[in-house]
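Observations on chain architecture
So the chains spell out like this:
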Amino acid sequence: MPTCGRVRTLCCGGGQAVLCAAAGASCLAGTHPRSGSWRGSSSACSQQLRSSGAFGGSCVPGPSRLGGRGLFAVRQLSPGQRLFSEQAVLDSVASDEVLRAVFSEPLPPGAVSGSEPIWGLAANFVLALSASAAAGDQVPSESCSFGALRDFHRPPQEHGGEAPGLALCRAHGQHLHDAMLPAARAAVTAEVLADLLHVTRLNAHNVRVVRQADSTGESAQTREMGLGLFFQLHLANHSCVPNAYFSARHGAEGHMSVMTLFAIRPVAEGEEVHISYIGAQDRTGRAGARPAIAPGFSLLCPCVPAFSCCP
Ligand SMILES: C[S@@+](CC[C@H](N)C(=O)[O-])C[C@H]1O[C@@H](n2cnc3c(N)ncnc32)[C@H](O)[C@@H]1O
């Protein structure tokens, strides 16, 4: 197991976050992409998350006719029924303190307000990655789910080329890496950040963020949209006529967002559970701007060519 010779505590999150500063990349051997363990492999964390009690006993992962994996009801589900709740593996809600511990000044406009969620996501990622490495990858169960990010969907390489969108993620990952403080830069490679962005692009769900008043007391609350990566929910495929919807919200500072999945209409045992990637919080199950889905998420809408099933 990798050990971290010297661990520097960053002044964020009440001193819980640690960053392996001096030991640099060598202390990240367990999670470093070049070790081969970051990308693609099934992690112990995923196994743990799939164990009994996961998915609220309402559904299980299985092969989808759409290709890849999907979620399937293990019993008949009624409209409005809660399927399961889960905490995000990673989300974009980061305090100013966390952002400033990871990124050098000046932060880009929107990074602190949260309207540029990728910065918060990357900051939380670096800190979780570092904490995981510092613990020799034997992280406590609360943060164990972080390792499950390795299992999230990535598109296969295109014929003779690379996965769609990867070049853009690589450029963006390099940009984020360049903007990091040296200690943070030593803890993560631009390549791993590019992978995180790729995973985010294809798997992240919107979460509602409600922030309480800041010290100036100018606003009682600010509301914004953040991003969350949920291990169980990420297995749900898209449909323009979904049979389930989710509601996700960032609650208390220092905790990841929580989402709950509900059935919209009766779902038969064995039926695939679909959400809509557009207007996912629309309980009616009606489709939103359906034609926008395919290029954005690199998927084929199951309604195509049967357009009539999309209102
Ligand atoms: C959040 S993941 C869903 C789980 C994924 N199928 C897996 O195997 O991990 C999103 C990806 O699933 C695939 N997907 C989701 N909905 C789909 C659909 N309706 N038709 C085809 N592919 C879909 C696409 O590859 C998409 O990028």
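As the structure is a prediction and not an experimental result, all values here were calculated from the model.

About the criteria used
Residues numbered from 1 in each chain as written. Predicted model: local features only at pLDDT ≥ 70, side-chain atom pairs only at ≥ 80, totals over all residues. Heavy atoms only, no water. Pairing = 2+ DSSP bridges. Helix = DSSP H or I, 4+ residues; strand = E, 2+ residues; numbered from the N terminus. Salt bridge = Lys/Arg side-chain N within 4 Å of Asp/Glu carboxyl O. Buried < 20%, exposed > 50% of the residue type's maximum accessible area, 1.4 Å probe, protein only. Core = buried A, V, L, I, M, F, W, Y, C linked by side-chain atoms within 4.5 Å. Contact = heavy atoms within 4.5 Å. Expected span 1.5 Å × (residues − 1). Arc of directions from axis to C-beta. pLDDT = per-residue confidence, 0-100. Phe/Tyr/Trp six-rings, centres within 6.5 Å; stacked < 30°, edge-to-face > 60°. Axes fitted to C-alpha atoms, helices over the stretch in contact; angles between N-to-C directions. Parallel < 35°, antiparallel > 145°, perpendicular 65-115°, else oblique. Left-handed = near helix turned anticlockwise from the far one by under 90°. Nonpolar A, V, L, I, M, F, W, Y, C, P; charged D, E, K, R; others polar.

Turning next to the pairing of strand S3 (residues 59–63). Judged from the 5 bridges that link them, S3 and strand S4 (residues 69–73) form a sheet pairing that is antiparallel. Note that in S4 the partner of Val60 across the bridge is Phe72.

The next subject is the sheet that holds strand S9 (residues 237–238). Ordered in space as S3-S4-S12-S9, the 4 strands form an open sheet in which the pairing is mixed. Looking at the sheet topology across the chains shown, the edges are occupied by S3 and S9.

As a further point, take the pattern of salt bridges. For the structure on display, the rule yields 3 salt bridges. One salt bridge connects Arg154 with Asp195, and the closest N-O pair in it is separated by 2.8 Å. With a gap of 41 residues between them, Arg154 in the loop between helix H4 (141–144) and helix H5 (166–178) and Asp195 in helix H7 (residues 190–203) connect regions that are remote in the sequence. The class of Arg154 is buried, set by a relative accessible area of 16%. Asp195 gets classed as buried once you look at its relative accessible area, which sits at 1%. Across the pair Glu271 and Arg265 runs a salt bridge, and its minimum N-O distance is 3.7 Å. Assessed through its relative accessible area of 26%, Glu271 is described here as partly exposed.

So, about the nonpolar core. In terms of nonpolar packing, the biggest core is built from 37 residues, with Phe103, Phe125 and Leu149 touching the most fellow members. Within the residue set of this core, elements represented by two or more residues are helix H2 (96–102), helix H3 (117–134), H5, helix H6 (182–187), H7 and strand S8 (221–229). If we ignore the near neighbours within four places in the chain, the residues touching Phe103 are Trp119, Ala122, Ala123, Leu176, Ala179, Met180 and Leu181. In terms of nonpolar packing, the next biggest core, distinct from the first, is built from 25 residues, Val93, Leu233, Phe246 and Ala248 among them.

Working note: α-helix, 3.6 residues per turn, so residues spaced by three or four point in the same direction. Between its first and last C-alpha atoms H5 spans 18 Å; for 13 residues at 1.5 Å apiece the expected length is 18 Å, and the two agree. When we look at burial in H5, the residues that qualify are Leu166, Cys169, Gly173, Leu176 and His177. Looking straight down H5, one finds its buried side chains confined to an arc of 95 degrees; they lie on one side.

For H7, spanning 14 residues, the distance from its first C-alpha to its last is 20 Å, which sits close to the expected 20 Å at 1.5 Å a residue. Where burial is concerned, most of H7 is hidden: 12 out of the 14 residues are buried. Taken together, the buried positions of H7 are occupied by Ala190, Val192, Leu193, Ala194, Asp195, Leu196, Leu197, His198, Val199, Thr200, Leu202 and Asn203.

Here we come to the confidence of the model for the protein. Parts of the model with low pLDDT should not have their predicted coordinates read in detail. Mean pLDDT over the protein: 72, with 63% of residues reaching 70 or higher. Averaged over each element, pLDDT in the protein is lowest for strand S1 (residues 8–9) (28) and highest for strand S11 (residues 258–263) (95). Low confidence marks residues 138–144, where pLDDT is under 50. Its contacts with residues over four positions away, or in another chain, come to 8 contacts. Both scores are available for the predicted complex, with the pTM at 0.79 and the ipTM at 0.99.

Below, the discussion takes up the environment of Gly270. As for its placement among the helices and strands, Gly270 is situated in the loop between S11 and strand S12 (272–275). Between the C-alpha atoms of Gly270 and Leu227, which are 43 residues apart in sequence, the distance is 30 Å. Discounting chain neighbours no more than four positions away, the residues touching Gly270 are Phe72 and Ala73.

Okay, unusual backbone geometry next. Here the amide bond leading from Glu105 into Pro106 is cis, since omega sits at -10 degrees, within 30 degrees of zero. Looking at the secondary structure, you find Pro106 in the loop between H2 and H3.

It is worth spelling out the packing of aromatic side chains at this point. Throughout the structure, instances matching the rule amount to 4 aromatic pairs. Here Phe55 and Phe84 contribute two aromatic rings whose centre-to-centre distance is 5.5 Å and whose plane-to-plane angle is 90 degrees, an arrangement assigned as edge-to-face. With Phe55 in the loop between helix H1 (44–50) and S3 and Phe84 in strand S5 (residues 82–87), this residue pair connects regions lying 29 residues apart in the sequence. For the pair formed by Phe55 and Phe84, the shared burial category is buried. Seen from their ring centres, Phe152 and Phe231 are 6.1 Å apart, and the 55 degrees between their planes marks the pair as tilted. Placement of Phe152 in the loop between H4 and H5 and of Phe231 in the loop between S8 and S9 is noted, with a sequence separation of 79 residues between them. A single burial state applies to Phe152 and to Phe231, both of which are buried.

In this structure, Leu229 sits in strand S8. In this structure, Leu229 is in contact with Ala88, Val89, Leu90, Leu149, Phe152, Leu196, Val199, Thr200, Asn203 and Ala204, ignoring residues within four places of it in sequence.

Moving on to the packing of H5 against H7. Axis angle and axis distance: for two packed helices, these are the angle between their axes and the distance between the axes, and together they describe the pair. Across the interface, H5 lies against H7 with an axial gap of 7 Å and an inter-helix angle of 125 degrees. The angle between the axes of H5 and H7 places the two elements in the oblique class. Viewed along their axes, H5 and H7 form a crossing whose handedness is right-handed. For the pair formed by H5 and H7, the contact residues are Leu166, Cys169, Arg170, His172, Gly173, Gln174, Leu176 and His177 on the first element and Ala190, Leu193, Ala194, Leu197, His198 and Arg201 on the second. Considered class by class, the residues forming the contact of H5 with H7 number 7 nonpolar, 5 polar and 2 charged.

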